[in-house]
Amino acid sequence: MEKEIKHYDDSDIQVLEGLEAIRKRPGMYIGTTGSRGLHHLVWEIIDNSIDEALAGYCDDIEVIINPDNSITVKDDGRGIPTGINEKTGLSTVETVFTKLHAGGKFGGGGYKVSGGLHGVGASVVNALSSWLKVKIYQNGNVYYIRFENGGLPVKKLEIIDKCSLDRTGTTVTFKPDPKIFEETTVFDYEILRNRIRELAFLNKGLRIILCDDRAEKKKEEFLYHGGISEYVKLINKNKTPIHEDIIHISGEEDNIFLEVALQYNSSYATSLYSFVNNINTYEGGTHEEGVRRALTRIINNYARKNNILKEKDESLTGDDVKEGLTMIISCKHPNPQFEGQTKTKLGNQEVRKIADSIFSEGFERFLLENPNQARIIIDKCLTAARARIAAKKARELTRRKGALELTNQWGKLTDCSSRDASISEIFIVEGDSAAGPAKQGRDSKTQAILPIKGKILNVEKARLDKILGNEEIRSIITAIGTGIGEEFDISKLRYHKIITMTDADIDGAHIRTLLLTLFYRYFRPLIEKGHIYAAQPPLFKITHGKTTKYVLNEKERNEYIASLPENTKYEIVRMKGLGEMDSIELRETTMHIDTRTLVKINIEDAMVADETFQILMGEEVEPRRKFIEENALKVKNLDI
Ligand code: 1YM
């Protein structure tokens, strides 16, 4: 039974101070207090369940979005320890939810591999919630504790019920505090779904159920016995694999685990994602470098040994072997060091060699045991090498032509007068009808306008030489200034904001997706560094009397109408295109720095976008048609 503990002793005061620190500076713990930070709370709680799964005690996790936008996470692990913690004099449960740095210290043994806030996650979530309750099933008892007002325990941990002896687990329900999350406290099903699905892929055999109990009820189960191989299968679903097997390689050395799944498809794009302890390493790092180095070396060795690559032929490059490659790399490391601008690059030097040796051994064996598939892969790489050499020639041509064509080129581009890239913006505008008002409505000092004709070439379906041959794309490349591929040089970027401005309809969304595909495939650092934006033209025009009001979406429309005096007569028009606005309207609603809304395109959404791109842009028509039908209303926010 619980030891009676007097209230408000030193440790209680410490608790208050700890939680208060989190509430004062939430950004330090969860990054932002916007939608991202809100969802981060869920990741922190799920992380504890995932750790329990990685420790081998939990197979089932359930995440429920409750009707009041509180979240419940349940697992069937051992349950958080319910005894008294010696150091704090509090129950371990209370300690975990109220103390910073309670993680490893109290857990004893084992290491956290799931990332996150290294064990302080639970207390951070508690501090940022209006209320949070924990139920633990252990020793045939149901233990319960509830916290309110940013993490203060209402009562000590108590037994509220009995349960069967073999039932164990932890259930946490929390309601994010609207005083902290001022922007929104509404959870987005798709955001939760994507990460939960990813976690299920990365942890094979773990079942995660996601349930939306709000108005539009939904329930999905994610369980992948094939782990990351099934992830590769999903990514290649709308592509055409060129060989039969999804190649799966795994191994362990010095307590570092590496798992790789890959398959080549007939496209030219690479989909390579790497993870360390379930965290997406967007910026790559030593695990990725080791695998890539081994991939190139083993393919070259095999091709030479089998005389497919002759003595005089130059070796295949890293770029040649990644064309049409879908690959997932998952590394589990007891002590990862994250580097890079967004701390998503693995820095541990020892991992490079380990990843290289595990991958090369497994991959070489696959090639030897599967000569037919090996041949298909090598041929694909050889074709890529030939195309690379052709593209180099084409690029040289573009460069030379570029110089000659400058006058034509810049004839189309209406440039801004400033040469300071940090304040310069370029609007890539669909169609000539919108380009006119955009040119008149712009701030000519800082805003450049580049009109493009309707739909640009789909880069998903074309190879680099063809892409470079396309006039619209060349004008975009030239205007941006950085060059692409091997020659990409961000210091030559001419505008720090590159803004797509397309109609608020399906066609507009399609064109924006084409543009984003181009950026994603060939200018990825521009997305990573936050230079790509989408303008948000208004969707509705409301007129009443002599007043005209433009609004961005249904919500704003409804709010505006509700704010009008009773019996006001008004008219609502759904805006079809940018061309419907005159230059003043376009400036006010979409372009002017003080009154517009821009959405920054985020690389973390790129994986979702990658899938979307493939559906929208890939070879097959049927999934595309279905997708557009299903998402006709949502399409506006699909790729952002
Ligand atoms: C819905 C959230 O928190 N599950 C969970 C948490 C813990 C354990 C099991 C656990 C861990 C250990 C030993 C250990 C945690 N325990 C602690 C601490 N689900 C959820 N399931 N026994 C149980 O790490 O050794 C922190 S989290 F510190 F108390 F051990």
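In this text the structure is predicted, and so the values were computed from the model without any measurement. (Residues numbered from 1 in each chain as written. Predicted model: local features only at pLDDT ≥ 70, side-chain atom pairs only at ≥ 80, totals over all residues. Heavy atoms only, no water.)

A.B. asks: Sorry if this is basic, but what is going on with the sheet that holds strand 19 (residues 497-501) here?
C.D. replies: Across a sheet, paired strands are connected by hydrogen bonds in the backbone, their directions being either parallel or antiparallel. Ordered in space as 18-17-19-20-24, the five strands form an open sheet in which the pairing is mixed. Of all the strands in the sheet, the pair left with one neighbour each is strand 18 (447-452) and strand 24 (598-600). Between one strand axis and the next, the sheet turns through 25° on average, direction left out of account. Alignment of strand 17 (residues 425-430) against strand 18, held across six bridges, turns out to be parallel. Each bridged residue has a counterpart across the sheet, and for glutamate 425 the counterpart in strand 18 is glutamine 447. (Pairing = 2+ DSSP bridges. Helix = DSSP H or I, 4+ residues; strand = E, 2+ residues; numbered from the N terminus. Axes fitted to C-alpha atoms, helices over the stretch in contact; angles between N-to-C directions.)

A.B. asks: What is the right way to look at a positive patch on the surface in this model?
C.D. replies: A cluster of basic residues, Lys74, Lys133, Lys135, Arg167 and Lys219, forms a positive patch on the protein surface. We classify lysine 135 as partly exposed; its relative accessible area is 32%. (Patch = residues over 30% accessible without salt bridge, like charges linked within 9 Å, V, L, I, M, F, W, Y side chains within 5 Å. Areas by Shrake-Rupley, 256 points an atom, 1.4 Å probe, with all protein chains shown as cover. Salt bridge = Lys/Arg side-chain N within 4 Å of Asp/Glu carboxyl O. Lys, Arg positive; Asp, Glu negative; His and termini not counted. Charge placed at Lys NZ, Arg CZ, Asp CG, Glu CD. Buried < 20%, exposed > 50% of the residue type's maximum accessible area, 1.4 Å probe, protein only.)

A.B. asks: How should the pairing of strand 17 be read in this particular structure?
C.D. replies: Along any regular strand the residues' side chains alternate between the sheet's two faces. The buried count for strand 17 comes to six of six residues, which makes it a mostly enclosed element. Residues Glu425, Phe427 and Val429 line one face of strand 17 and the alternating positions Ile426, Ile428 and Glu430 line the opposite face, and both faces are buried. One crossover worth recording links strand 17 to the parallel strand 18 by way of helix 13 (residues 432-441), and it is right-handed. Sheet topology places strand 17 next to strand 19; five bridges connect them, and they run parallel. If you follow valine 429 over to strand 19, its bridge partner there is methionine 501. (Right-handed = clockwise from strand over helix to strand, strands pointing away.)

A.B. asks: Looking at this structure, how should I read the confidence of the model for the protein?
C.D. replies: Low pLDDT means the predicted atomic positions in that stretch should not be read closely. When pLDDT is averaged along the protein, the result is 86, and 85% of the positions lie at 70 or above. Within the model, the stretch residues 632-640 combines pLDDT values under 50 with 21 contacts to residues more than four positions away or in other chains. (pLDDT = per-residue confidence, 0-100. Contact = heavy atoms within 4.5 Å.)

A.B. asks: Please clarify how the pattern of salt bridges should be interpreted in this entry.
C.D. replies: Two side chains bearing opposite charge may form a pair once their charged atoms approach each other closely. In the structure shown here, the tally under the stated rule is 29 salt bridges. The partner of arginine 195 in a salt bridge is glutamate 198, and the shortest N-O contact between them spans 2.7 Å. Remark: glutamate 198 and arginine 195 occur in helix 7 (residues 189-202); sequence separation between them is three residues, near one turn of the helix. Note on accessibility: arginine 195 and glutamate 198 belong to one class, buried. Here lysine 555 makes a salt bridge to glutamate 559, at a shortest N to O gap of 3.6 Å.

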